Every structure is written in structure tokens, then in C-alpha cells.
Amino acid sequence: MIAELGTIASLFAIVAFGAIVPVVPTGAAVSGAAALAFHTQPLTIVLVLIAGAAGAYVGDLVMYAMCRLGGESLARRLRWLRDEQRLASVKHRLEEKQVPVLLVSRLIPGGRVPVLLAAAFVGLPWRTFVVANAPACALWSVVYAAIGLAGGSIFPEPWQGVIAAVVLILIVNQSMTWFSRRRSVNTSNASGLASPPSPPP
């Protein structure tokens, strides 16, 4: 049991760190831990869910505080802010629907950081962010743990389940990224067609 608790603590640290340093594959970490728990100690799956959600929540709070205090200049130095145009679009959506945008942002690959930055830069109240981000992190942990359980249940060996879970995460992320890009391109094309032609000089 001590070994399992050590794994849970490591998962919390990895997810919290990955929320601040976005290059860490936090979703794959939760899925892999869930797949491993399925084969070793199924009861610890609940702890995996809690550790994943808590790590994501704490990491988001730290990143949000840093952005509120340091502003856009700090975000640029840390290479969190890379797409000014997308940030402006997210700011607009966040001003219209704060809570729904926060809830969905964690489930879209590459969607969390722009939404979190936009929330900090538009001055979203701390209370709103703290309350809305809790269910977002919980839902994120449940989704990725479920993917891990799906991968772990297919194969008899723990290491096979972990690999299957990571592969499933990659497939899901790539599919969602492709769909998001296609939707963005279609929206841009539709906007271009809808705009009136420029008058002749």
C-alpha cells in the first residue's frame, strides 16, 4: 500500500508540475496510473482520480496567480503566450460565457493555456476562477482516467495496459486537434465568403 501511495503522490506532483510547464503530458500520466491501478490495486483508482484532479487544480491556481501578478510580459518570457490572435478570440468568448469556457477548456488539446491566460488578463475574479475550475479539473481527471481504464482492461499485463492507455490518449488528442483545426479553417472560410467584396478604387 505504501508503494501505491507513493505512486499517487508522484502523480499529483507530475500533474501539478505539468499544469505549470505545459510540455509535460499530464493526461497520459493520469491514464497510465489508472491503467496500472486497474491491474494492481483497483481500489486506488479513486485515489488516482483525486490526485489527478487535485494536481491539475493546484497547478492551474499557481499558473493563474503568476499570470495575474506578472501579466502578459511574464507569460511571453515563460513562452506561455505564443498566439496573440487566438488569445484575443478566447478573451472575447470568455467575456461572453465565463464558466462554460473554463469547463470545456481542459478537455480540448491546447485549449487550457489560452483560456487560463485570457482569464488572468481580463481580470476574471479569483472567486469565479476558483469555483469554476474545480469541476473542470475533476471532469478532466475522470475523462483521462476512463481512457486509461479502457486501455488497461483490454490487455492482461499492467505494462501493456499502460502503453495502450498512452496510445489511446495520443489518438484522442490528435483526433480532437485535427477536428478543432478543421473547424477553425471552415469558420475562417465561411467568414471570408460572408464578407462583402471591396469596392473598386
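A brief report on the enclosed structure follows. (Residues numbered from 1 in each chain as written. Predicted model: local features only at pLDDT ≥ 70, side-chain atom pairs only at ≥ 80, totals over all residues. Heavy atoms only, no water.)

Brief notes about empty space enclosed by the protein
- By the definition in use, this model includes 1 cavity of 30 Å³ or more.
- Volume-wise, the largest cavity comes out at about 50 Å³.
- Surrounding the largest cavity, Asp60, Leu102, Ser105, Arg106, Arg112, Leu116, Phe129, Asn133 and Ala136 form its lining.
- If you list the elements that add at least two residues to the lining of the largest cavity, you get helix H5 (98-105), helix H6 (112-121) and helix H7 (126-154).
- It is H7 that provides the largest number of residues to the lining of the largest cavity, a total of 3 residues. (1 Å grid on protein atoms, 1.4 Å probe; cavity = no way out; pocket = protein on both sides within 12 Å on 5 of 7 lines; lining within 4 Å. Points joined across faces, edges and corners; volume = space filled by probe spheres on them. Helix = DSSP H or I, 4+ residues; strand = E, 2+ residues; numbered from the N terminus.)

Section: the packing of aromatic side chains
- Under the definition given, this model contains 3 aromatic pairs.
- Relative to Trp126, the ring of Tyr64 has its centre 4.9 Å away and its plane inclined at 85°; by these criteria the two rings are edge-to-face. Of this pair, Tyr64 sits in helix H3 (residues 45-77) while Trp126 is found in helix H7, placing the two residues 62 residues apart along the sequence.
- With a relative accessible area of 36%, Trp126 lands in the partly exposed category.
- Seen in terms of ring centroids, Tyr64 and Phe129 are 4.0 Å apart; in terms of plane orientation they differ by 5°. Their pairing is stacked. In this pair, Tyr64 sits in helix H3 while Phe129 sits in helix H7, placing the two residues 65 residues apart along the sequence.
- On the basis of relative accessibility, which here comes to 0%, the residue Tyr64 falls in the buried class.
- Residue Phe129 is classed as buried on the basis of its relative accessible area of 1%.
- Three or more aromatic residues joined by ring pairs make a cluster, and in this case those are Tyr64, Trp126 and Phe129. (Phe/Tyr/Trp six-rings, centres within 6.5 Å; stacked < 30°, edge-to-face > 60°. Buried < 20%, exposed > 50% of the residue type's maximum accessible area, 1.4 Å probe, protein only.)

Digging into helix H2 (residues 26-39)
- Taking 1.5 Å as the rise per residue, H2 with 14 residues should run 20 Å; its terminal C-alpha atoms sit 21 Å apart, in good agreement.
- Taken residue by residue, H2 has Thr26, Gly27, Ala28, Val30, Ser31, Gly32, Ala33, Ala34, Ala35 and Ala37 as its buried positions. (Expected span 1.5 Å × (residues − 1).)

Topic: the nonpolar core
- Among the nonpolar cores identified, the biggest contains 19 residues, and Tyr64, Trp80, Leu94, Leu102 and Leu117 are the most heavily contacted of them.
- Within the residue set of this core, elements represented by two or more residues are H3, H5, H6 and H7.
- Residue contributions to this core peak at 8 residues, all from H6.
- Residues in contact with Leu94, not counting those within four places in the same chain, are Val101, Leu102, Val115, Ala118, Ala119 and Val122.
- Counting residues in hydrophobic clusters, the runner-up holds 15 residues, among them Leu11, Val15, Val30 and Ala37. (Core = buried A, V, L, I, M, F, W, Y, C linked by side-chain atoms within 4.5 Å. Contact = heavy atoms within 4.5 Å.)

Description of H3
- Between its terminal C-alpha atoms H3 stretches only 38 Å, short of the 48 Å expected from 33 residues at 1.5 Å a residue.
- Immediately downstream of H3, the backbone of Arg79 shows phi near 60°, a positive value.

Topic: the packing of H3 against H6
- Packing of H3 against H6 brings their axes to within 8 Å, and their N-to-C directions diverge by 70°. With respect to their mutual orientation, H3 and H6 come out roughly perpendicular. With respect to the hand of their crossing, H3 and H6 are arranged in right-handed fashion. Listed contacts from H6 to Asp60, Met63, Tyr64, Cys67, Arg68, Gly71, Glu72 and Ala75 of H3 are Arg112, Val113, Leu116, Leu117, Ala119, Ala120 and Phe121.
- Residue composition of the contact of H3 with H6, by class: 10 nonpolar, 1 polar and 4 charged. (Axes fitted to C-alpha atoms, helices over the stretch in contact; angles between N-to-C directions. Parallel < 35°, antiparallel > 145°, perpendicular 65-115°, else oblique. Left-handed = near helix turned anticlockwise from the far one by under 90°. Nonpolar A, V, L, I, M, F, W, Y, C, P; charged D, E, K, R; others polar.)

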